[in-house]
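Report on the structure
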Amino acid sequence: MRLITLLFLSFFTQILFAADVLSENNASKVDPMSIITIISLSKVLWTLLFFALAYVSITLFTKTLEFFAEKSSRLRISIKGLIPIIRIALWTLFVIIIIKVIYNPPQEMLLTALASVAIAIGFATQDLLKNIFGGIMLLFDRPFKVGDKIKVGDNYGEVINIGLRATRIVTPDDSMVVIPNMSLMNTDLSNSNSGELYCQVVAKIMLPVDAPTDKIRKIAVEAAQISRYIYLNKPIEVLFTNKIYQRKSFLDMELKAYVMDIRYEFKFKSDMTEIVIKELLSQGIISKDDLE
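Here's what I pulled together on the structure shown here. Each chain has its residues counted from 1, following the order in which its sequence is written. The predicted nature of this model means local features are confined to residues of pLDDT at least 70 and side-chain atom pairs, given and counted, to a pLDDT of 80 or more, with totals for whole chains, interfaces and linings taken over all residues. As a convention, hydrogens and water are excluded, and side-chain values are obtained from all of the structure's heavy atoms.

Another aspect to go through is the pairing of strand S2 (residues 155–162). Each residue is assigned to one of three classes by its accessible area relative to the maximum for its type, calculated with a 1.4 Å probe on protein chains only: buried under 20%, partly exposed between the two thresholds, exposed over 50%. The secondary structure listing takes helices from DSSP runs of H or I that are at least 4 residues long and strands from runs of E that are at least 2 residues long, numbered from the N terminus. Among the eight residues of S2, six are classified as buried, and the element is accordingly described as predominantly covered. Of the strand pairs in this sheet, strand S1 (residues 149–152) and S2 are connected by four bridges, and their pairing is antiparallel. Paired with Val 152 across the bridge in S2 is Asn 155. The rule for pairing is simple: two strands pair if DSSP sees at least two bridges between them. From the end of S1 to the start of S2, which pair antiparallel, there are two residues, and Gly 153 there has a positive phi angle of about 65°. The sheet contact formed by S2 and strand S3 (residues 166–170) spans four bridges and is antiparallel. Paired with Glu 158 across the two strands is Val 170, which belongs to S3. Between S2 and S3, which follow one another and run antiparallel, lie three residues.

And the structure:
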């Protein structure tokens with residue numbers, strides 16, 4: 001679909017070049033062969049071939065970068081954050097090469113054609129251009145990178161691609177969510193790790209209101225310290241809040257700790273809930289009736 005679109009734009013550009021020639025020579029006779037030279041099937045075919053080559057080359061190069069990024073947890077987010085910028089730069093380079101090598105139009109004709117194309121496309125694809133502009137702004141402003149976990153509205157997940165039109169995230173239930181870039185520019189979003197590999201995770205457990213907080217805090221901290229997912233360079237905190245649920249008072253325990261990799265977020269939450277509750281039950285600090 002991308003190649004068909006680019007081919008159409010290429011053909012449309014050639015038509016504009018021809019129109020420019022006609023407008024410049026409207027007072028004199030125009031050689032039909034000059035128009036055929038500008039609009040030629042061979043140039044269209046070469047353009048298609050070059051775009052196909054560009055598509056395959058850029059896809060293979062970015063897939064290679066993604067492969068090496070996944071192999072290094074330390075550099076994963078940094079490498080993936082560069083991929084959208086590299087993709088745009090390579091496409092721009094290929095387009096410039098195609099225009100210069102295949103068409104090589106006079107500068108005046110090129111400027112006229114580009115202006116005409118820009119106006120025509122601008123009227124026809126206003127919403128698309130807004131999203132493209134939004135995508136460019138996201139790459140420069142960088143409120144998030146590929147590999148970050150963000151929350152936009154009701155959607156929370158890992159950013160796997162920042163395209164010119166839309167950004168794709170994968171939610172915890174492995175669903176793909178496609179969000180137009182202009183929507184991201186005009187809405188509030190939260191970033192869990194902001195380009196860092198580690199992030200804070202909060203595991204919550206509801207306990208009896210009279211539970212001994214000092215013992216529970218010690219158990220929770222020790223459970224976090226021995227976790228295989230913990231990032232020990234950051235502090236571990238255990239906070240208690242009184243909550244009312246179904247007209248009953250409960251103690252809401254929040255275990256706040258950092259995981260070494262954002263992808264361990266839910267595994268860490270599960271481990272902490274399981275280990276802490278199991279230890280509290282084994283020490284008789286709470287009973288099974290307290291958890292009902």
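Below, the discussion takes up helix H9 (residues 265–282). Helix span, expected: 1.5 Å multiplied by one less than the number of residues in the helix. With 18 residues, H9 ought to run about 26 Å at 1.5 Å a step, and its terminal C-alpha atoms sit 26 Å apart, in line with that. Regarding H9, the residues found buried are Glu 265, Phe 268, Met 272, Val 276, Ile 277 and Leu 280. End-on, the buried residues of H9 take up no more than an arc of 140°, which puts them together on one face. Turned more than 90 degrees off the buried face of H9, the exposed positions are Glu 274, Lys 278 and Ser 282. Those residues of H9 that are buried are in contact with S1, S2, strand S6 (199–208), helix H8 (213–225) and strand S8 (248–259). Phi for Gly 284, located one or two positions after H9, is positive at around 75°. Note: the arc covers the axis-to-C-beta directions of the helix. Pairs of residues are marked as contacts when any of their non-hydrogen atoms sit within 4.5 Å.

Before going further, it helps to examine the environment of Ser 194. Inspection of the secondary structure assignment puts Ser 194 in the loop between strand S5 (189–191) and S6. Accessibility expressed as a relative area gives 53% for Ser 194, which makes it exposed. Remark: the alpha-carbon pair of Ser 194 and Gly 147, spanning 47 residues in sequence, is separated by 9.4 Å.

If you walk across this open sheet you meet the five strands as S4-S3-S2-S1-S5, and the pairing is antiparallel. The open sheet is flanked by strand S4 (176–180) and S5, the only strands paired with a single partner. Averaged over all adjacent pairs, the angle separating strand axes in this sheet is 40°, with direction ignored. The pairing of S3 with S4 spans five bridges and is antiparallel. Note on method: axes are straight lines fitted to C-alpha atoms, helices fitted across the in-contact stretch only, with angles between N-to-C directions ranging 0 to 180 degrees.

With that out of the way, let us pick up the side chain of Glu 158. Relative to the assigned elements, Glu 158 resides in strand S2. Polar contacts here mean pairs of N or O atoms no more than 3.5 Å apart (in protein, one a potential hydrogen donor and the other a potential acceptor; neighbouring residues in sequence count only if both atoms are side-chain atoms). Separated by 3.0 Å, the side chains of Glu 158 and Arg 263 make a polar contact. If we skip the residues at most four places from it in the chain, Glu 158 touches Gly 147, Asp 148, Lys 149, Arg 168, Ile 169, Val 170 and Arg 263.

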